[in-house]
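In case you want the letters, here they are:
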Amino acid sequence: MSERILVSGNNAVARGAIQAGCKYFFGYPITPQSEIPEYMSKELPKIGGIYVQSESESGSIYMVYGGGLTGKRIMTSTSSPGLSLMAEGMSYLAEQEIPAVIVDVVRMGPGIGTGGQGAQTDYLQVTKGCGHGGYHAIVLAPASGQEIFDLMQLAFFLADKYRGPVMVITDFILGQTEEPIELRTLDFGPLPEKEWALTGKEKRGGNRVTHVAAFFTYQGILNYHMKLIEKYAEIKRAEVRYEKYLADDCDLLIVAYGSSARIARGAVDMGRAKGFKLGLFRPITLWPFPVEAIAEGASKAGRVLVVEDSQGQLVEDVEASVKGRVPVHLLGMWGRHNVGGGGIIHPERVIEEVEKLNER
Amino acid sequence: MKDKSSDVKKVTGRPGLRLQSLGMYCPGCHYGIITRVICEVIEELGVAGKAIGLAGVGCSFGGAPMTIDIDWTSCPHGRAPAMATAIKRIYPDAMVLTVQGDGDLGAIGLGCFMNALVRGENLTTVFLNNAVYGTTGGQMAPTTLLGMKTTTTPLGRDIKTNGYPLHVPELAATMRGVAYAARCTVHTPANFQRAKKSLKTAIQKQMDGIGYGIVEFVSACPPGWGLKPLECLDYISERMLEEYPLGEFKNLDKTD
């Protein structure tokens with residue numbers, strides 16, 4: 001068995017990236033993710049890698065773009081306001097099909113928000129394409145230190161496989177909580193050669209130009225968009241990931257991701273002890289969203305309760321999946337024990353909500 | 001009869017790196033001539049095989065990536081220096097060149113450019129200054145001359161509303177990581193030769209690991225200026241060079 005260590009979620013991000021062969025990190029400090037650039041600045045030079053501190057998240061994302069053009073595995077990390085600055089670059093990475101991993105350690109928003117507070121308030125931003133023009137990035141939402149470490153490795157694989165940006169979304173709670181992780185290397189199989197990478201033509205003969213020259217002809221534009229549309233359809237077919245917990249035999253299906261899913265799982269156990277038939281559905285890919293699996297689980301259960309530490313964002317995708325066939329309820333950030341600093345939705349509060357729904 | 005063709009000596013022609021594809025430049029635009037400067041310098045330095053070019057948004061994008069036979073990428077508006085930073089850090093032996101216009105480098109990308117200088121990156125930048133936004137139809141650029149009429153300064157650029165023209169190589173020369181900063185033109189044959197020498201020096205500084213090199217090309221935009229191509233040459237001599245003097249502002253053999 002591989003080595004087990006006790007580290008924070010942010011540390012697991014950095015270690016997972018290095019495990020995946022990422023040697024180039026471009027970032028900018030922002031709470032609550034600064035431990036990631038700090039770790040990278042210390043560790044990457046030891047393995048022949050490079051850490052560059054940019055002047056802003058806009059700088060970071062374009063260093064990621066340039067670095068990605070070389071074909072190497074590259075990444076950045078940020079938190080919510082920084083992700084807004086990266087939005088433009090995300091759109092270009094998707095358009096130019098540049099593999100890159102972008103980690104968002106979410107803090108409470110909107111605006112400058114509060115760096116020292118957990119929240120899941122970036123769901124819409126990360127799942128709907130935070131930049132312009134209509135594109136998708138695969139979004140992975142781990143719920144534990146181990147899963148962060150593992151999904152970081154998967155993120156680099158998927159970025160290379162589908163040629164585009166892949167996001168890993170955590171939050172203040174997951175980023176700062178220390179948990180044991182096993183330092184295991186995951187093998188996802190072979191990948192195609194990066195025949196598009198810029199290296200200088202002497203390494204191959206014949207120059208390469210990575211801009212969308214296709215855009216200069218009508219048929220080129222159409223072909224380009226059809227290629228992206230087909231790619232996104234293929235990702236939807238092949239890459240949907242989720243976890244179910246007691247979800248096949250329940251009369252209330254709780255849907256939650258990330259840190260809220262950890263809380264909801266506790267609530268499921270607590271509720272079962274009280275005789276409530278609760279189950280949990282946890283999307284692991286927020287895009288592609290597990291539309292069919294949620295629809296099926298919801299129909300079986302007859303009722304859905306979405307638990308998310310936000311104003312109500314994930315609930316929109318759940319409602320769109322369920323299509324009004326069963327009632328969908330929401331316990332949002334107002335369910336925190338303390339709406340201010342350090343507030344979280346406790347499992348007891350979820351049970352309270354369940355009891356209220358049972359009385360209806 | 002003597003075969004006269006054997007007496008004909010080829011003195012010039014299409015540079016070896018100039019691809020057959022058409023540039024996208026208007027009649028009288030100087031960017032085609034600057035493309036030749038870039039081609040000839042890269043050829044003469046023998047760095048085509050390790051060259052990676054980054055073209056900004058604007059007319060700078062219209063020609064370089066499609067007409068020069070080296071690796072290229074287009075860049076989002078103003079972001080070439082950040083992208084170039086990563087490429088050069090990952091491939092320190094590459095010759096990494098950004099080609100950026102006055103709007104791209106001087107307005108939307110000024111922060112990105114200056115921060116590349118702050119970091120002391122080892123890159124080369126060709127800065128194309130034609131004093132207007134050519135691609136979007138001749139609007140005011142940061143380098144528009146005072147009093148100059150553009151589509152967004154219909155009464156002429158006015159200090160109170162629009163501030164002052166931006167002097168990029170002079171600004172860059174103040175930064176410690178910059179090894180070479182110069183301004184040139186290609187509006188006469190002699191200046192063409194000087195421009196070649198400047199760009200060659202700038203690229204050599206990068207290849208020798210000395211530091212950042214920037215070369216500004218003051219150039220004509222006949223439609224943007226509302227002048228005929230030949231009138232543009234006079235406008236450069238009489239007006240542009242008055243605001244933007246030619247010369248080397250910095251030429252260091254080592255940066256600390």
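Note that the structure is predicted; figures quoted are calculated from it, not measured.

### Some remarks on the overall build of chain A
Part 1: The number of helices and strands found in chain A is 12 helices and 15 strands.
Part 2: In terms of overall dimensions, chain A is globule-like: its C-alpha atoms have a radius of gyration of 21 Å, near the 21 Å expected for 360 residues.
Part 3: Principal-axis analysis of the C-alpha atoms gives chain A an extent of 70 × 50 × 45 Å.
Part 4: For chain A, the residues scored as buried account for 60% of the 360 residues in total.

### Overview of the interface of chain A and chain B
Part 1: The interface of chain A with chain B comprises 33 residues on the first partner and 33 residues on the second.
Part 2: Buried surface at the junction of chain A and chain B, summed over both partners, amounts to about 2600 Å²; 64% is from carbon and sulfur atoms.
Part 3: Summed over the shared surface of chain A and chain B, the number is 3 salt bridges.
Part 4: We note a salt bridge from Asp69 of chain B to Lys201 of chain A, for which the minimum N-O separation is 3.1 Å.
Part 5: Linking chain A with chain B are 11 residue pairs in polar contact (both at pLDDT 80 or more), by the criterion used here.
Part 6: For the side of chain A that touches chain B, the secondary structure elements donating two or more residues are β2 (24-27), β3 (50-53), α3 (57-69), α4 (80-96) and β9 (209-210) of chain A.
Part 7: With 8 residues, α3 of chain A is the largest single contributor of residues to the side of chain A that touches chain B.
Part 8: Looking at the side of chain A that touches chain B residue by residue, the classes come out as 13 nonpolar, 13 polar and 7 charged.
Part 9: Here β9 of chain A runs beside strand β2 (residues 71-74) of chain B; their pairing, made up of 2 bridges, is parallel. Each bridged residue has a counterpart across the sheet, and for Val209 of chain A the counterpart in β2 of chain B is Trp72 of chain B.

### A few points about the pairing of strand β14 (residues 304-307) of chain A
Residues and elements named next belong to chain A.
Part 1: Side-chain alternation along β14 places Val304 and Val306 on one buried face and Leu305 and Val307 on a second face that is also buried.
Part 2: Relative to β14, strand β11 (residues 252-255) runs parallel, the two being bridged by 3 bridges. Looking across to β14, one finds that Leu253 is bridged to Val304.
Part 3: The pairing of β14 with strand β15 (residues 328-331) spans 4 bridges and is classified as parallel. Counterpart to Leu305 in the pairing with β15 is His329.
Part 4: Crossover connection from β14 via helix α11 (residues 314-322) to parallel β15: handedness right-handed.

### Digging into the side chain of Glu353 of chain A
All names here are of chain A.
Part 1: Within the secondary structure, Glu353 is located in helix α12 (residues 347-359).
Part 2: A polar contact is formed between the side chain of Glu353 and the side chain of Arg349, at a distance of 2.8 Å.
Part 3: Residues contacting Glu353, with those up to four places away along its chain left out, are Leu305, Leu330 and Leu331.

### A closer look at the nonpolar core
Part 1: In terms of nonpolar packing, the biggest core is built from 123 residues, with Met75, Met152, Val304 and Val318 of chain A touching the most fellow members.
Part 2: Here this core gets 11 residues from one element, more than from any other, and that element is helix α6 (residues 145-162) of chain A.
Part 3: Contacts of Val304 of chain A, omitting those with residues within four sequence positions, involve Leu252, Leu253, Val255, Ala298, Val318, Val322, Val326, Pro327, Val328 and His329 of chain A.
Part 4: If you look at the next biggest cluster of nonpolar residues, it comprises 33 residues, including Ala64, Ile70, Leu128 and Ala202 of chain B.

### A few points about the sheet that holds strand β3 (residues 95-101) of chain B
Part 1: One open sheet holds the 8 strands; their spatial order is β9(A)-β2(B)-β1(B)-β3(B)-β4(B)-β8(B)-β7(B)-β9(B), and the pairing between them is mixed. Edge strands, defined here as strands with exactly one partner in the open sheet, are β9 of chain A together with β9 (247-251) of chain B.
Part 2: Pairing of β3 of chain B with strand β4 (residues 124-129) of chain B involves 5 bridges; the strand directions are parallel. Across the sheet, residue Gln100 of chain B finds its bridge partner in β4 of chain B, namely Phe127 of chain B.
Part 3: The strands touched by helix α5 (residues 110-118) of chain B are β4, β7 (178-185) and β8 (212-218) of chain B; relative to β8 of chain B, the strand with the most contacts, the crossing angle is about 145 degrees.

### A word on the environment of Gly109 of chain A
All names here are of chain A.
Part 1: As for its position among the elements, Gly109 is in the loop between β5 (100-106) and α5 (123-127).
Part 2: Counting along the chain gives 201 residues from Gly109 to Ser310, while the straight-line C-alpha distance between them is 9.1 Å.
Part 3: Apart from the residues within four sequence positions on either side, Gly109 is in contact with Thr121 and Gln311.

### Focus on the packing of helix α1 (residues 31-45) of chain B against helix α8 (residues 189-207) of chain B
All names here are of chain B.
Part 1: Running from amino to carboxyl end, α1 crosses α8 at an angle of 50 degrees, the nearest separation of the two axes being 9 Å. By the angle between their directions, the pair α1 and α8 is classed as oblique. Of the two elements, α1 crosses α8, and the hand of that crossing is right-handed. Facing Ile33, Arg36, Val37, Ile38, Glu40, Val41, Glu44 and Leu45 of α1, the residues of α8 in contact are Phe192, Ala195, Lys196, Leu199, Lys200, Ile203 and Gln204.
Part 2: Its residues placed into classes, the contact of α1 with α8 shows 9 nonpolar, 1 polar and 5 charged.

### Considerations on the sheet that holds strand β12 (residues 278-283) of chain A
Adjacent strands of a sheet form backbone hydrogen bonds with each other and so pair up, either parallel or antiparallel.
Residue and element names in this part refer to chain A.
Part 1: Ordered by their spatial adjacency, 5 strands build an open sheet running β10-β12-β11-β14-β15, and the pairing between neighbours is mixed. The sheet is open, and its two edges are formed by β10 (242-245) and β15, each paired on a single side. Here the average twist between neighbouring strands, direction ignored, is 20 degrees.
Part 2: Across 4 bridges, β10 lies against β12 in antiparallel orientation. Counterpart to Lys244 in the pairing with β12 is Phe281.

### Regarding the state of the cysteines
Part 1: The full count for this structure, using the stated rule, is 0 disulfides over all chains.
Part 2: Summary of cysteine pairing: Cys75 of chain B is not part of a disulfide, and the nearest cysteine sulfur, belonging to Cys112 of chain B, is at 9.1 Å.

### Looking at the domain arrangement of chain A
Residue and element names in this part refer to chain A.
Part 1: Taken domain by domain, chain A comprises domain 1 (4-182), domain 2 (209-238) and domain 3 (243-359).
Part 2: Regarding the contact of domain 1 and domain 3, the summed buried area is about 2200 Å², with carbon and sulfur atoms giving 53% of it.
Part 3: Counting the contacts that link domain 1 with domain 3 gives 3 salt bridges.
Part 4: The shortest N-O distance in the salt bridge between Glu147 and Arg282 comes to 2.9 Å.
Part 5: Our enumeration of links across domain 1 and domain 3 arrives at 18 residue pairs in polar contact (both at pLDDT 80 or more).
Part 6: Of all the secondary structure elements, the ones that give two or more residues to the side of domain 1 that touches domain 3 are α5, β6 (138-140), α6, β7 (165-171) and α7 (172-176).

### With respect to α4 of chain A
All names here are of chain A.
Part 1: Look at α4: 24 Å from first C-alpha to last across 17 residues, which is about the 24 Å you get at 1.5 Å a residue.
Part 2: Of all the bends found along α4, the most pronounced is centred on Met86 and spans about 50 degrees.
Part 3: Among the residues making up α4, those that are buried are Ser80, Gly82, Leu83, Met86, Ala87, Gly89, Met90, Ser91, Leu93, Ala94 and Gln96.
Part 4: Just downstream of α4 lies Glu97, where phi reads positive at about 60 degrees.

Procedures and definitions
Residues numbered from 1 in each chain as written. Chains lettered and ligands numbered in written order. Predicted model: local features only at pLDDT ≥ 70, side-chain atom pairs only at ≥ 80, totals over all residues. Heavy atoms only, no water. Helix = DSSP H or I, 4+ residues; strand = E, 2+ residues; numbered from the N terminus. Rg over C-alpha atoms; globule rule 2.2 N^0.38 Å. Buried < 20%, exposed > 50% of the residue type's maximum accessible area, 1.4 Å probe, protein only. Contact = heavy atoms within 4.5 Å. Buried area = accessible area lost by both parts, 1.4 Å probe. Salt bridge = Lys/Arg side-chain N within 4 Å of Asp/Glu carboxyl O. Polar contact = N/O pair within 3.5 Å; in protein donor to acceptor, adjacent residues only side chain to side chain. Nonpolar A, V, L, I, M, F, W, Y, C, P; charged D, E, K, R; others polar. Pairing = 2+ DSSP bridges. Right-handed = clockwise from strand over helix to strand, strands pointing away. Core = buried A, V, L, I, M, F, W, Y, C linked by side-chain atoms within 4.5 Å. Axes fitted to C-alpha atoms, helices over the stretch in contact; angles between N-to-C directions. Parallel < 35°, antiparallel > 145°, perpendicular 65-115°, else oblique. Left-handed = near helix turned anticlockwise from the far one by under 90°. Disulfide = S-S within 2.5 Å. Domains from an automatic or database assignment. Expected span 1.5 Å × (residues − 1). Bend = angle between axes of the 7 residues up to and from the residue.

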